[in-house]
Structures are given as structure tokens and as C-alpha cells.
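# Remarks on the overall topology
Chain by chain, the residues:
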Amino acid sequence: MEKDSDILLKYRAVTNKLKKRFLKKPNVAEGSEQFASLAKTLKNQESPQYAGFCCLAQARCEHTLSNSAGEAQALTDAARAFLEAELMDRELSVPGFQEHLTASINCYSHAIRVHIESKQIALAASLCLEVGNVLRKVNRPGEAIAHYQRAAELQSQSALDCLDALNMVAKCKMDTKDFEGALAVLTEMAYLAHERGGSSTTGRPIGAYCDILAKCEVTRVLLLLLLQPTPQRIRPEHAQTLEKYTWESCDSITEMYLGEDLYLLLQSVVMACQSLDLESLRALQKELWPLLDCEQNQLLHFVIQELSHPSGEGI
């Protein structure tokens with residue numbers, strides 16, 4: 001493995017070649033290739049932070065060459081290299097100020113901006129999702145929300161991609177215990193799925209939209225049971241959601257995308273909560289466990305906790 005001083009000498013050698021000299025134009029394309037080669041060598045030597053700096057230098061070269069695609073790719077490579085350095089430091093419990101993570105997010109943001117300026121909206125959105133995933137991975141879900149929301153905005157013309165990004169926003173809001181915020185996002189998702197996912201003949205949701213609506217429906221019901229909004233504070237659309245699960249009601253469309261078993265079990269959960277029947281609710285939890293995803297099972301656990309020890313303010 002090369003010493004830091006040798007790496008610095010190589011970096012400076014490439015940098016010096018790019019300096020303007022009298023009557024001699026620097027070969028920027030060659031400089032970009034040399035920075036890329038040095039970055040690759042450093043990655044192989046497990047020196048990702050140095051590789052990140054070389055990728056940044058490469059990005060500057062590509063910018064000079066007006067190669068926006070190359071610039072964005074180099075910035076993305078730099079972002080991933082700095083992230084790798086951050087994760088290595090965390091694994092080794094190295095004390096620091098998370099400067100590698102900050103550098104990574106800055107590089108991602110710059111790459112996103114370059115893609116947007118180049119009208120590469122899909123690539124910009126995918127990087128927004130990647131940044132969100134990075135922040136969620138390092139336990140910063142609150143900061144990840146803005147990036148997932150931006151991804152949803154950029155993908156507004158593609159309903160399924162937009163819904164996937166909004167789903168991540170809802171997950172982050174639940175991670176941060178912002179259950180009202182999560183409920184609002186899931187309600188927005190349900191409206192979008194109904195509006196964009198209906199069959200041209202029947203108007204009813206089809207395909208992947210049915211799965212999305214089922215997930216939104218179950219999670220919204222559990223959130224409402226957890227938040228326990230008073231009749232004076234509950235929004236009309238949320239009241240209508242709970243009304244579908246009273247014994248007298250039967251919503252055939254909701255039952256269609258939930259399935260009869262899940263619909264009836266959810267109906268039983270709503271009634272058990274309204275009658276404060278903790279024993280029945282615990283029995284229903286066992287039946288529901290394999291039918292719910294991780295977040296939904298966690299919410300049901302919170303609902304049972306709240307029913308066991310009421311705070312008067314939801315969780």
C-alpha cells in the first residue's frame with residue numbers, strides 16, 4: 001500500500017499538469033483520466049476518502065470539458081467513496097465529526113443539481129432516493145425525509161415511482177414517531193393510487209396499485225387507532241376510513257384489495273379497540289402478525305401498549 005506522501009505527490013503531479021502555462025493549453029481530458037485511475041487505485045487500497053478527493057478533481061475536469069454526464073458520475077463516485085469512508089470509521093468506532101458523511105451528502109446534492117440542469121430528471125430522482133437511503137442507514141430518518149420528498153416531486157409524472165418515494169417518506173415519519181405526519185402522507189398516497197391506478201373500464205384499482213392501497217389502508221387504520229383522534233378533531237376522510245370497519249358496514253372495494261380474511265381481522269381490531277377489549281386485541285395480534293409488514297406490526301404493538309397504559313394523547 002502506498003504511503004500518504006506518495007499519494008499526495010501523484011495527486012499534485014496531475015494537478016500541476018492542469019495548470020495554465022504560457023502558450024500551452026492543459027490537457028484536461030488526460031487529467032480527468034489520470035484522476036479516475038488514481039481514484040480506482042486508492043479504492044483498491046481501501047483508502048476511500050482519498051479516492052473521493054480524486055473523484056472530485058475528476059468532476060472539476062469534466063465540468064471544464066462541459067461533460068455534464070461525466071461530471072455527475074464523478075460526483076456520484078465521490079459521494080459513494082466518502083460514504084464508504086464514513087461507514088469504515090463507524091465500524092472502527094473512530095471519533096470524529098462525521099465530516100465524510102457531510103462530504104458525501106454535498107457531493108450527492110451537487111450531482112443531483114447537475115442532472116436536473118441537464119434535464120436528466122430520472123437520474124436526479126434516483127440519486128435523491130439514494131441519499132435518503134444513506135441517511136436512513138446512518139439513523140438520520142428526519143433528514144432523509146426531504147430527499148425522499150424531492151424524489152417524489154421529481155417523479156410526479158410516474159405514479160408508481162412517486163408512490164414508492166412517498167412510502168419512504170411515511171416510513172421515515174414513523175421512524176421519528178411523527179405519526180400524524182405519516183397518516184397525512186399515506187392519505188395522499190391513497191388518493192394518488194385511486195386517481196392514477198384505476199382501470200379505464202371499471203375505474204377500480206388494478207395491479208400494483210391494489211397492493212399499495214392495501215398497505216395504505218391497513219397502516220392508516222392502525223395509525224388512527226394509535227392516535228385516537230376525538231370526534232371534534234378527526235378529519236372527515238379519516239372518520240370515513242374507520243366507519244368502513246364497523247359491524248354494520250361492508251366496503252366491497254376495500255375488501256377486494258385487502259382480501260376477506262385481512263378485512264375481517266382489521267374490522268375485529270377496530271371493534272376491540274373501540275370496546276377496550278385488550279384480551280381480544282392480543283389474540284388478534286397473533287393472527288395478524290404474518291399478514292402485516294414490519295412497520296404495521298410495530299404500530300399494532302404500540303396500539304396494544306397504548307390500550308394497556310392510556311396516556312390520553314395516543315402514544
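Report on the accompanying structure.

Cut-offs used in this document
Residues numbered from 1 in each chain as written. Predicted model: local features only at pLDDT ≥ 70, side-chain atom pairs only at ≥ 80, totals over all residues. Heavy atoms only, no water. Buried < 20%, exposed > 50% of the residue type's maximum accessible area, 1.4 Å probe, protein only. Helix = DSSP H or I, 4+ residues; strand = E, 2+ residues; numbered from the N terminus. Contact = heavy atoms within 4.5 Å. Axes fitted to C-alpha atoms, helices over the stretch in contact; angles between N-to-C directions. Parallel < 35°, antiparallel > 145°, perpendicular 65-115°, else oblique. Left-handed = near helix turned anticlockwise from the far one by under 90°. Nonpolar A, V, L, I, M, F, W, Y, C, P; charged D, E, K, R; others polar. Phe/Tyr/Trp six-rings, centres within 6.5 Å; stacked < 30°, edge-to-face > 60°.

Within helix H11 (residues 236–243), the full set of buried residues consists of Glu-237, His-238, Ala-239, Thr-241 and Leu-242. Against the buried residues of H11 lie helix H9 (179–196) and helix H10 (208–227).

Interhelical geometry of helix H13 (residues 260–274) versus helix H14 (residues 278–288) gives an angle of 155 degrees and a closest axis separation of 9 Å. One element, H13, and the other, H14, form an angle in the roughly antiparallel class. When you trace H13 past H14, the crossing you get is left-handed. Here Leu-262, Leu-265, Ser-268, Val-269, Ala-272 and Cys-273 of H13 come into contact with H14, specifically with Ser-280, Leu-281, Leu-284, Glu-287 and Leu-288. Each residue belonging to the contact of H13 with H14 can be placed in one class, and the counts come to eight nonpolar, two polar and one charged.

Per the stated rule, a full pass over the model turns up three aromatic pairs. Taken together, a centroid distance of 5.3 Å and an interplanar angle of 80 degrees make the contact between Phe-53 and Phe-82 edge-to-face. With Phe-53 in helix H3 (residues 48–64) and Phe-82 in helix H4 (residues 68–91), the pair connects residues that are 29 residues apart, well separated along the chain. Measuring from centroid to centroid gives 5.3 Å for Tyr-245 and Tyr-263, while their planes differ by 40 degrees, and the two rings are tilted. A residue pair is termed long-range when its members are at least 10 positions apart, and Tyr-245 in the loop between H11 and helix H12 (252–258) and Tyr-263 in helix H13 qualify at 18 residues. When sorted by exposure, Tyr-245 lands in the same class as Tyr-263, which is buried.

Attention now moves to the environment of Ala-159. If you trace the backbone, Ala-159 turns up in helix H8 (residues 159–175). Classification of Ala-159 by relative accessible area gives buried; the value is 6%. Those residues in contact with Ala-159, other than ones at most four positions away along the chain, are Leu-192, Arg-196 and Tyr-209.

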